[in-house]
Amino acid sequence: MGYWKNKDILSMRGVPREAIDEVIDEAARMDARANSRVLEGKLIATLFFEASTRTRLSFQTACRRLGGKVLSVSDSKSTSMEKGETLHDTIKLVAACADAIVIRHPKEGSARLAAETADIPVINAGDGANQHPTQALLDLFTVKQRFGKIDGLSFLFIGDLKYGRTVHSLCQALSNYDVELCFYSPPALRMPIALLGELREKTRVRELDTMDLSAADVVYATRIQRERFADPAEYAKYSYEINAESLKRMKPDAVLMHPFPRVGEINTDVDKDARALYFVQEANGVPVRMALLKQILIG
Ligand code: NCD
């Protein structure tokens, strides 16, 4: 179908199911440990103006495993933006050097601005509290790998649903499927109302009053996004923990996912439980981003 060829990947809104399948199927064929020459001659710029471990490293690994080269900025302080240069002018320069841009930035809409500025594909690796579309793709890949399907599953999202961009992207992607989306968060950190309305038009949505883990096939826990709070004292009120005791309330064949970093939401006593899927999930970042880079740059 070639949906992704030369495309900017800014959000999961409107990305059709067939396009998701294209990436998931290609990722299933990828060997994340093998080196090839698929991207030989291609140069990808990874611009990370906000902290990242797995997204940055997995994009860079994916590119290198496929034989491409990487140009990297991991801190705006090391660029001319520190001297007052605009993001627009920085992107113009990078677009003149590289074949694609992967950008993470604390401001919502920054990836869109980069895409409007650059005449090469731009991939949003997280823009503020807005979107993180490639995380959604690897999350879907992980669910499909475990259950063999996505339709028919019930999802429960827990934590910071207001600022958690991975949840926003994943739910938009999931609204293509016959799924139930349940949400549990402190009232101040609910899913954005506009997004809930958008999801309700396409699939079943429920907001829960308690952290009821018993009905979900996929429990997706997220970190409270400390860096997005104006007042640190407010942040401190919202911590929660899932531990071995909480898992007794989950279905025996359910799974527990988390985009990482975890900062206390999941006790390490859960790690050995067969339902803990988060380490598999993070490892899937490499094959999924290999598949996506190939689809965008080669087709
Ligand atoms: C997430 C992010 O940066 O949005 N992490 C990730 O990319 N895997 C989640 C988070 O920071 O809480």
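Each chain carries its own residue numbering, running from 1 in the direction its sequence is written. Side-chain atom pairs in this predicted model are given and counted only at pLDDT of 80 or more, local residue features only at pLDDT of at least 70, and totals for whole chains, interfaces and linings cover all residues. Hydrogen atoms and water are omitted, and side-chain values are computed over all heavy atoms in the structure.

This part takes up the domain arrangement of the chain. As far as domains go, the chain holds domain 1 (17-132 + 285-297) and domain 2 (133-282). For the domain bounds, the source is a domain assignment made automatically or taken from a database. Relative to domain 2, the C-alpha centre of domain 1 lies at a distance of 25 Å. Contact criterion: two residues are considered in contact whenever any of their non-hydrogen atoms come within 4.5 Å of each other. Listed as interface residues are 26 residues of domain 1 and, on the opposing side, 26 residues of domain 2. Note on definitions: buried area is the accessible-area loss of two parts on being combined, 1.4 Å probe, summed for both. Both faces considered, domain 1 and domain 2 share a buried interface measuring about 2,200 Å² in area, 55% of it formed by carbon and sulfur atoms. Interface area lost by domain 1 to domain 2 is led by R17, R54 and H132, which between them contribute 31%. The salt bridge criterion pairs a side-chain nitrogen of Lys or Arg with a carboxyl oxygen of Asp or Glu, the two atoms within 4 Å. Here domain 1 is connected to domain 2 by four salt bridges. The salt bridge partner of E282 is R54, with a shortest N-O separation of 2.7 Å. N or O atoms closer than or at 3.5 Å make up a polar contact, with two conditions inside protein: a donor-capable atom paired with an acceptor-capable one, and, for residues adjacent in sequence, both atoms drawn from side chains. Applying the counting rule to domain 1 against domain 2 returns 16 residue pairs in polar contact (both at pLDDT 80 or more). For the side of domain 1 that touches domain 2, the secondary-structure elements that each account for two or more residues are helix 1 (17-29), helix 2 (54-65), strand 3 (100-105), strand 4 (122-127) and helix 11 (285-297). Per-element tally for the side of domain 1 that touches domain 2: the top contributor is helix 1, with seven residues. Numbering goes from the N terminus for both helices and strands, where a helix is a DSSP run of H or I of at least four residues and a strand is a run of E of at least two.

Our next topic: the packing of helix 6 (residues 165-174) against helix 7 (residues 193-200). Two quantities define a packed helix pair, namely the angle between the axes and the distance from one axis to the other. Where helix 6 contacts helix 7, the two axes come as close as 10 Å, and the packing angle between them is 15 degrees. Between helix 6 and helix 7, the crossing angle belongs to the class labelled roughly parallel. Crossing hand, helix 6 versus helix 7: left-handed. Seen from helix 6, the contacting residues are H168, C171 and Q172; seen from helix 7, they are L195, E198 and L199. Looking at the contact of helix 6 with helix 7 residue by residue, the classes come out as three nonpolar, two polar and one charged. Helix axes are fitted only over the stretch in contact, all axes being lines through C-alpha atoms; the angle between N-to-C directions runs from 0 to 180 degrees. By definition in this entry, angles of less than 35 degrees are roughly parallel, angles greater than 145 are roughly antiparallel, angles of 65 to 115 are roughly perpendicular, and the rest are oblique. Crossing handedness: left-handed means the near helix sits turned counterclockwise from the far one by under a right angle, and right-handed means the same turn made clockwise. Gly counts as polar in this scheme, as do all residues outside two lists: the nonpolar Ala, Val, Leu, Ile, Met, Phe, Trp, Tyr, Cys and Pro, and the charged Asp, Glu, Lys and Arg.

It is worth spelling out helix 7 at this point. The cut-offs for exposure are 20% and 50% of the maximum accessible area for each residue type, with area from a 1.4 Å probe on protein chains only; residues under the lower value are buried, those over the upper are exposed, and the others partly exposed. Residues L195, L196 and L199 constitute the buried set of helix 7. The buried residues of helix 7 all sit within an arc of 100 degrees when viewed along its axis, so they share a single face. In helix 7, the exposed positions that point more than 90 degrees away from the buried face belong to I193 and A194. Where helix 7 is buried, its residues meet helix 6, strand 6 (180-184) and strand 7 (204-207). Note that the arc is defined by the directions from the helix axis to the C-beta atoms.

All told, the structure shown has 17 salt bridges when counted by the stated rule. When salt bridges that share partners are traced, they join E50, R165, R223, E227 and R228 into one network.

Pairing between two strands is assigned when DSSP locates at least 2 bridges connecting them. Across the sheet, five strands lie side by side as 7-6-5-8-9; this open sheet has parallel pairing. The two strands at the open ends of the sheet, each matched to only one other strand, are strand 7 and strand 9 (255-257). Taken pair by pair, the neighbouring strands of this sheet meet at an average axis angle of 20 degrees, ignoring direction. Across four bridges, the pairing between strand 6 and strand 7 is parallel. By the bridge assignment for strand 7, C182 is matched with R206. With respect to the sheet, helix 5 (residues 133-147) is in contact with strand 5 (154-158), strand 8 (218-221) and strand 9, its orientation differing from that of strand 9 by roughly 165 degrees. Helix 7 rests against strand 6 and strand 7 of the sheet, and its axis sits at about 140 degrees to strand 7.

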